[in-house]
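What follows is each chain in one-letter form.
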Amino acid sequence: MSIPLSKPEIGEKEKELVNEVLDSGWLSTGPMTEKFEKNFADYMGAEHAIAVNSGTSGLHLLIRALGIEEGDEVITTPFSFISSSNCILFEKAKPVFVDIDSDTLCIDSEKIEDAITNQTKAILPVDVFGQPANMTEINSIAEKHGLNVIEDSCEAIGAEHKNQKVGTLADASVFAFYPNKQMTTGEGGMIVTDDEEIDRLCRSMRNQGRSQSDLWLEHVRLGYNYRFNEMAAAFGIAQLERIEEILSKRAEVAAEYNRLLEDLDEVKTLTIDQHTTKMSWFVYVIQVGEDIDRDEVMEYLRDNGVSCKPYFTPIHLQPFYKDEFGYQRGDFPITENVTDSVIALPFYNELTKEEIITVVETLKEAIHHQ
Ligand SMILES: Cc1ncc(COP(=O)(O)O)c(C=O)c1O
């Protein structure tokens, strides 16, 4: 029996609401989805929330809604899950990477201006592991240069930058609900914006480019089937109802890890920036020191029943990015340094104190075993 990396917490309310949908017979986007969207927008304090079938779909729709196209450039981070960069490629625009801050692991806002060219249309920061990027700085750079900001908040539901929730800081933001996320709908995503035009375009494009008039077979623009479904919406409503409870359980697990790892000099834990007034713990990562063989540590952990992952691997060094753009090691040294040393440990709402102790003890053995 090994301790898994993540585990969704499924309550009675989720089952009850999903059963309600099954009894209703209405399975694709309908009243449950509308309710989920309304609850989500209310939670965010935003005007619009548009449910889509994944975080990736949400990011793609925003790239299109902002008119980003072939030849345009979007400034983003190489230290992320691949879709925050792929969504730019979907429209044949170019992701321009900027290295990260070695503490927050989010894009280094101080390096963004150097990457701006006449082709730059937007900045796409990622709230890495549930910590907001430096949105104050990013927004002020965007304003100065007339750029849009799309915030990838897929990992950061409920997080706050200077007491303001992510989801209300950019032109539009995206959240994701894969089962390893703080809250899940199985698969799914949510676009959040105050902008009416972005809302209108995203609603149309998620549903095959149909017009708002809802003439079922009138397609006014190129669209996709990125629709959400009612079972997922029911699940999401129940999860969102207890999101604060979920976030505080996760904060407790993180605090326990931090406490137990405090004296382990070989390990660096995540730095929480002074502007992160609320952290939304997505995963728990550590970095091991340079003289420790990270892969050997992971092998030892796995062999001894502790799941772990080298999370993330750098986007610019993925084979097809190297082929297409000629990236090589050395291009983004801070990202590479972090990705060489990072380990994601088991992390979920109901991880027990005993399990956390087991993980930490096994980690100590793994390090001292070398
Ligand atoms: C930073 C980031 N961006 C985008 C996504 C994409 O979300 P999805 O898997 O729902 O497409 C994820 C989730 O895995 C993510 O962590």
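Residues numbered from 1 in each chain as written. Predicted model: local features only at pLDDT ≥ 70, side-chain atom pairs only at ≥ 80, totals over all residues. Heavy atoms only, no water.

## Focus on empty space enclosed by the protein
- Here the structure, examined in full by the defined rule, presents two cavities of 30 Å³ or more.
- The calculated volume of the largest cavity comes to roughly 50 Å³.
- Lys7, Pro8, Glu9, Pro179, Lys181, Gln182, Met183, Thr184, Gln239, Ile246, Arg250 and Asn349 together form the lining of the largest cavity.
- Taken together, the residues of the lining of the largest cavity sort by class into four nonpolar, four polar and four charged.
- Here the second largest cavity is characterised by a volume of approximately 30 Å³. (1 Å grid on protein atoms, 1.4 Å probe; cavity = no way out; pocket = protein on both sides within 12 Å on 5 of 7 lines; lining within 4 Å. Points joined across faces, edges and corners; volume = space filled by probe spheres on them. Nonpolar A, V, L, I, M, F, W, Y, C, P; charged D, E, K, R; others polar.)

## Focus: the sheet that holds strand 7 (residues 164–165)
- Taken in spatial order, the three strands make up an open sheet running 7-6-11, and their pairing is antiparallel. In this open sheet, the two edge strands, each paired with only one partner strand, are strand 7 and strand 11 (276–278).
- Pairing between strand 6 (residues 160–161) and strand 11: two bridges, direction antiparallel. The partner of His161 across the bridge, within strand 11, is Thr276. (Pairing = 2+ DSSP bridges. Helix = DSSP H or I, 4+ residues; strand = E, 2+ residues; numbered from the N terminus.)

## Digging into the site of the ligand
- Every one of the 14 residues lining the ligand counts as a neighbour, but Gly55, Thr56, Asp152, Glu155 and Lys181 are closest to it.
- Between the ligand and Gly55, the relevant distance is 2.8 Å, taken from an oxygen atom to a main-chain nitrogen or oxygen of the residue.
- The separation between an oxygen atom of the ligand and a polar side-chain atom of Thr56 is 2.4 Å.
- Taking 390 Å² as the accessible area of the ligand by itself, protein coverage stands at 93%.
- In a pocket analysis with a 2 Å cut-off to the grid points, the ligand is assigned to the largest pocket.
- The element contributing the most residues to the shell around the ligand is helix 3 (residues 55–65), with three residues.
- Residue classes in the shell around the ligand are distributed as five nonpolar, six polar and three charged. (Near = heavy atom within 4 Å. Polar contact = N/O pair within 3.5 Å; in protein donor to acceptor, adjacent residues only side chain to side chain. Areas by Shrake-Rupley, 256 points an atom, 1.4 Å probe, with all protein chains shown as cover. Sits in = over half its atoms within 2 Å of the grid points.)

## A few points about the layout of surface pockets
- For the largest pocket, the calculated volume is near 540 Å³.
- Taken together, 29 residues form the lining of the largest pocket, with Phe81, Tyr178, Asn180, Lys181 and Tyr311 sitting closest to its centre.
- Secondary structure elements with two or more residues in the lining of the largest pocket: helix 3, helix 4 (83–89) and strand 13 (342–345).
- When residues of the lining of the largest pocket are assigned to their parent elements, the largest contribution, three residues, is made by helix 3.

## Side note on unusual backbone geometry
- Between Tyr311 and the following residue, Phe312, the backbone shows a cis peptide bond with an omega angle of -5°.
- Looking at the element boundaries, Phe312 is found in the loop between helix 9 (294–303) and helix 10 (319–325).
- Within the chain, Lys92 stands out as a residue other than glycine whose phi angle is a positive 60°.
- By the secondary structure assignment, Lys92 is in the loop between helix 4 and strand 3 (94–97).

## Topic: helix 3
- Of all eleven residues that make up helix 3, nine are buried, and the element is covered over most of its length.
- All of the buried residues along helix 3 are Gly55, Ser57, Gly58, Leu59, His60, Leu61, Leu62, Ile63 and Ala65.
- One or two residues past the end of helix 3 sits Gly67, with phi positive at roughly 70°. (Buried < 20%, exposed > 50% of the residue type's maximum accessible area, 1.4 Å probe, protein only.)

## Thoughts on the nonpolar core
- Formed by 121 residues in total, the largest nonpolar core has its most connected members in Phe36, Phe40, Phe129, Tyr257 and Leu363.
- Take this core: its biggest share by element is seven residues, from helix 7 (residues 230–241).
- Excluding anything up to four places from it in sequence, Phe36 contacts Phe177, Met183, Thr185, Met190, Phe228, Ala233, Gly236, Ile237 and Leu240.
- Leu89, Phe97, Tyr321 and Phe332 belong to the second-largest nonpolar core, a separate cluster that totals six residues. (Core = buried A, V, L, I, M, F, W, Y, C linked by side-chain atoms within 4.5 Å. Contact = heavy atoms within 4.5 Å.)

## Re the pattern of salt bridges
- For the structure on display, the rule yields 20 salt bridges.
- The partner of Arg203 in a salt bridge is Glu37, with the nearest N and O atoms 3.2 Å apart. Here Glu37 lies in helix 2 (residues 31–44) and Arg203 lies in helix 6 (residues 196–206), a separation of 166 residues in the sequence. (Salt bridge = Lys/Arg side-chain N within 4 Å of Asp/Glu carboxyl O.)

## So, the packing of helix 2 against helix 7
- Put simply, helix 2 and helix 7 touch, their axes get as near as 8 Å, and they point 30° apart. Compared by their axis directions, helix 2 and helix 7 come out roughly parallel. The handedness of the crossing between helix 2 and helix 7 is left-handed. Two secondary-structure elements touch here, helix 2 through Pro31, Met32, Thr33, Lys35, Phe36, Asn39, Phe40 and Tyr43 and helix 7 through Glu230, Ala233, Ala234, Gly236, Ile237 and Leu240.
- Classifying every residue of the contact of helix 2 with helix 7 gives nine nonpolar, three polar and two charged. (Axes fitted to C-alpha atoms, helices over the stretch in contact; angles between N-to-C directions. Parallel < 35°, antiparallel > 145°, perpendicular 65-115°, else oblique. Left-handed = near helix turned anticlockwise from the far one by under 90°.)

## Quick word on the sheet that holds strand 5 (residues 148–152)
- Read from one edge of the open sheet, seven strands run 1-9-8-5-4-2-3, paired in mixed fashion. Single-partner strands in this sheet number two, and they are strand 1 (48–52) and strand 3. Across the sheet, the mean angle separating the axes of adjacent strands is 25° when strand polarity is ignored.
- Where strand 5 and strand 8 (residues 172–176) come together, three bridges link them in parallel fashion. Along strand 8, the bridge assignment pairs Glu151 with Ser173.
- The strands touched by helix 2 are strand 1, strand 8 and strand 9 (189–193); relative to strand 1, the strand with the most contacts, the crossing angle is about 135°.
- Its contacts with the sheet place helix 5 (residues 135–145) against strand 4 (120–124) and strand 5, and it is angled at close to 155° to strand 5.

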